[in-house]
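Overview (structure and organization)
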Amino acid sequence: MKNSLTVRQETEKDYKTVENLTREAFWNVYRPGCLEHYVLNQFRNRKEFIPQLSLVLEKDVEIIGHIMYAKAEITADDGKIIPVMTFGPFSIHPACQGKGYGAFLLNFSMEKAREMGAKVLAITGDVKLYGKFGFGIAKTKGIVYKAYPDADFFLIKELEAGFLCNLCGSYTDPTGYSVDENEAEKFDQNFPPKQKLKLPTQLEQ
């Protein structure tokens, strides 16, 4: 599989393709329709965005995956600001899911983040999935998600072993992850029509 895959930095000419990929990957997953393609579109202009870690995965020169990283911070209990990174949206085309492509892209991107100096990655997600990649529930490491301090879905991974030792604090998502839903709806009109469905597996009920 690896011989047919290429990971490279996203370029401006990829933007529309990647946004459409993101839309396909997230459509009706967490809510009717999705916001993730608009989040990505808006995030590229923010100071927290890390262009070197906006990566596309190509299979036979076709883009089938994308991951975006951003700068974030942990505020330690003593007031010290600890720079960390987060990632997402993280997308694999629905037709290519379940074949190991996501794991390939994630492992590649995390190593790239480590090479760029990241010590810690903090994300929201399912520990049953991301635990396979070394993530653990953050609150057990002394780091809480400020919006939901008891959250089991707030996860953390050390890229430098022992970096979190004796560190306690809280994490807040970069503000770029919050978008105006009306503006997102207008943005979505630039894409082919898709039916929004309310499904029992969605987070928003």
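Everything that follows concerns the structure shown earlier in this document.
Now for a description of the structure that goes with this document. Everything numeric here is computed off the predicted structure, so don't read it as measured data. (Residues numbered from 1 in each chain as written. Predicted model: local features only at pLDDT ≥ 70, side-chain atom pairs only at ≥ 80, totals over all residues. Heavy atoms only, no water.)

**Digging into the side chain of Glu10**
Our working rule: Think of it this way: any DSSP run of H or I at least four residues long counts as a helix, any run of E at least two long counts as a strand, and we number them from the N terminus. Residue burial is assigned from relative accessible area. The probe radius is 1.4 Å, only protein chains are included, and a residue is buried under 20% of its type maximum, exposed over 50%, and partly exposed in between. Between N or O atoms, a polar contact is any pair within 3.5 Å; within protein, one atom must be a potential hydrogen donor and the other a potential acceptor, and residues adjacent in sequence are included only when both atoms are from side chains. Throughout, a residue-residue contact means that at least one pair of heavy atoms, one from each residue, lies within 4.5 Å.
Position of Glu10 among the secondary structure elements: in the loop between strand S1 (5-9) and helix H1 (15-26). When its relative accessible area of 7% is taken as the criterion, Glu10 is described as buried. At 2.8 Å, the side chain of Glu10 and the side chain of Arg44 are in polar contact. Ignoring sequence-local partners within four residues, the contact set of Glu10 consists of Tyr15, Val18, Arg44, Phe49, Ser54, Leu55, Val56 and His66.

**Let's talk about the nonpolar core**
As a rule of thumb, soluble globular proteins bury nonpolar side chains together. Convention followed: The criterion is simple. A nonpolar core is a set of buried Ala, Val, Leu, Ile, Met, Phe, Trp, Tyr and Cys residues joined through side-chain atoms within 4.5 Å.
With 28 residues, the main nonpolar core has Leu57, Tyr69, Phe87, Leu106, Tyr130 and Phe135 as its most contacted residues. Every element with two or more residues in this core is listed here: S1, strand S2 (55-59), strand S3 (62-76), strand S4 (81-92), helix H3 (101-115) and strand S5 (120-124). Sort the elements by how many residues they give to this core and H3 lands first, with 6 residues. Setting aside residues no more than four positions away along its own chain, Leu57 makes contact with Leu5, Thr6, Val7, Glu62, Ile63, Ile64, Gly65, Ile92, Tyr101, Phe104 and Leu105. Judged by nonpolar contacts, the second largest core, of 16 residues, contains Ala138, Phe154, Ile156 and Leu164.

**Quick notes on unusual backbone geometry**
Put simply, Gly88 and Pro89 share a cis peptide bond, and its omega is 0 degrees. As for its position among the elements, Pro89 is in strand S4. Of note, the phi angle at Asp60 is positive, near 55 degrees, even though the residue is not glycine. Judged by its relative accessible area of 51%, Asp60 falls in the exposed class.

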